[in-house]
Each structure stands twice: as structure tokens, then as C-alpha cells.
Amino acid sequence: MKSTFLAFFFGVLATPSLASVFKDSKHQHCIAWKAKKTMFFLNDLEPTGINCNIKTTLVKNGETIRLNGLFPIKSFDSDDSTRDEDVFSILKGETQPTLIFKSSPLVKSLIEQVLAKISGHFVLNGELKIARRWYPVKFNIKHQKKSDQIIVFDGVAKSKFSELGLEAPSVLAGIVADVEDDLEFHFRFRSDHIMDFALIKK
């Protein structure tokens, strides 16, 4: 419990740069992956797949709160259907078709203090389940109050294919490419789309 408290507290003091991948107004409550590839040794590109067919829920246990998320791999859309099929294979969707996230338990009173501000930054530690195995992830998050009822959270976790038991592809969307090991997960969550978000105030 102490380590979770300290990680959250010191995360509040951080001010990371969070460049959002969610440019479209329809991207209200979504998660995304982002990679980097070089094609024909000339162009550096950052393909991104966005998934708004997701489910997020808060779970309370005593004085702590946990965020859970379910993200169907088939629902990631990168504007390239062939690449989306490749991503389903890369993320081992045949073994586990839905990515599962669970945060570390957070002290409820501390969350209330952070969210009482109009905006701020904090760190959310957790685990992501891919192909029936759990991997640690750390999201740097910026929150912004849009109204008394709505808070928007923008987060990014930087990881690597190799750290998640995955292999960076040499062919993506049918094209030979040099894909770097770096892999990012981004999210934009709205409080009014998170099931049982009101538990924070209870």
C-alpha cells in the first residue's frame, strides 16, 4: 500500500508531455496503439490504431479504487484493414481476443485530492494482459475538468514489443518495413463513460 501511495504521489509532481493521438471529435473514450517504422530506409512513420469499442470500470475495495479495462483487439482501426489484421496477429488475438487492463489499487482519498484540481498530472501503474500473460505498464496521465460532471483523462504508456512478449513485425500491411521495438499505448477516457466512476465520491 505504501509503495502504491508513493508512486501515485510522486507521479502527481511530474509534468510529462502528452501529445494526444486522438484528433477527431468522435474519439471521446478510446485507447490506441502507436508504433514507429521506417519504409525502404527513407521515411519514418508512426502508424496508429484507435479503438473506441472499449469498456472501463472502477472497482472499490475498502478505501482503495482500481480501474479495469477491456479492449477488443479486433476493434483497433488504423485506416488500413490489412494492417489491422496484422496487429490482431501481433497482439496474439487468437490466444486472447481482448486486452485486459487492471490498475494498481489507489487510495481513494488521494484520488479525490488530485481530481479536486481543474487539471493536473499523475502516474497510474497497472498490468496489461496479453495472450494470457500479465505485463507491468505505467501510464503518465493528464486530467482536465470539462464541467462539474465530466473529467477527461489523457494517458500514455511507453513500452516495447519485446517487453510485452511480442515480436516487432518486419512486414506490416503487406509492406516490408523496419519497425522499431518501441510500442506506445494511449488512451482518452471520459469520467461519464467509466462505469461506477461515482464510487470515487462515495
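Quick look at the structure, then.

**Description of helix α2 (residues 81-90)**
Alright, step 1. Among the residues making up α2, those that are buried are Arg 83, Asp 84, Val 87, Phe 88 and Ile 90. What you see down the axis of α2 is that its buried residues fit within an arc of 165 degrees, all on one side. The exposed set on the far side of α2, more than 90 degrees from its buried face, consists of Ser 81 and Glu 85.
Alright, step 2. Where α2 begins, the capping side chain belongs to Asp 80, and its oxygen is found 3.0 Å from the backbone nitrogen of Thr 82.
Alright, step 3. Remark: Lys 92 follows α2 within two positions and exhibits a positive phi of approximately 60 degrees.

**Description of the nonpolar core**
Alright, step 1. Counting 42 residues, the largest nonpolar core has Leu 99, Phe 139 and Phe 153 as the members making the most contacts within it.
Alright, step 2. Setting aside chain neighbours within four positions, we find Leu 99 in contact with Gly 69, Leu 70, Phe 71, Ile 73, Phe 76, Leu 91, Leu 128, Lys 129, Ile 130 and Phe 185.

**Focus: the packing of aromatic side chains**
Alright, step 1. For the coordinates displayed, the defined rule picks out 5 aromatic pairs.
Alright, step 2. Arranged with centres 6.4 Å apart and planes meeting at 80 degrees, the rings of Phe 122 and Phe 153 form a pair that is edge-to-face. Of this pair, Phe 122 sits in strand β8 (residues 119-130) while Phe 153 sits in strand β10 (residues 151-160), and the two are 31 residues apart along the sequence.
Alright, step 3. Residue Phe 122 is classed as buried on the basis of its relative accessible area, which comes to 8%.
Alright, step 4. Looking at Phe 153, the relative accessible area reads 7%, which means it is buried.

**Details of helix α3 (residues 108-115)**
Alright, step 1. All of the buried residues in α3 are Lys 108, Leu 110, Ile 111, Val 114 and Leu 115. End-on, the buried residues of α3 take up no more than an arc of 160 degrees, which puts them together on one face.

**A short note on the environment of Cys 52**
Alright, step 1. With respect to the element layout, Cys 52 can be found in the loop between β3 (48-51) and β4 (55-61).
Alright, step 2. A relative accessible area of 38% means that Cys 52 is categorised as partly exposed.
Alright, step 3. Between the alpha carbons of Cys 52 and Gln 28 there is a distance of 7.8 Å; along the sequence they are 24 residues apart.

**Considerations on unusual backbone geometry**
Leaving glycine aside, a negative phi is the common case for residues, and trans is the common case for peptide bonds.
Alright, step 1. A positive phi is found at Ala 131, a non-glycine position, where the angle reads about 50 degrees.
Alright, step 2. Looking at the secondary structure, you find Ala 131 in the loop between β8 and β9 (133-145).
Alright, step 3. We note that Asp 196 has phi near 65 degrees; this positive angle belongs to a residue other than glycine.
Alright, step 4. With respect to the helices, strands and loops of the structure, Asp 196 is situated in the segment after β12 (175-190).

Conventions used here
- Residues numbered from 1 in each chain as written.
- Predicted model: local features only at pLDDT ≥ 70, side-chain atom pairs only at ≥ 80, totals over all residues.
- Heavy atoms only, no water.
- Buried < 20%, exposed > 50% of the residue type's maximum accessible area, 1.4 Å probe, protein only.
- Helix = DSSP H or I, 4+ residues; strand = E, 2+ residues; numbered from the N terminus.
- Arc of directions from axis to C-beta.
- Polar contact = N/O pair within 3.5 Å; in protein donor to acceptor, adjacent residues only side chain to side chain.
- Core = buried A, V, L, I, M, F, W, Y, C linked by side-chain atoms within 4.5 Å.
- Contact = heavy atoms within 4.5 Å.
- Phe/Tyr/Trp six-rings, centres within 6.5 Å; stacked < 30°, edge-to-face > 60°.

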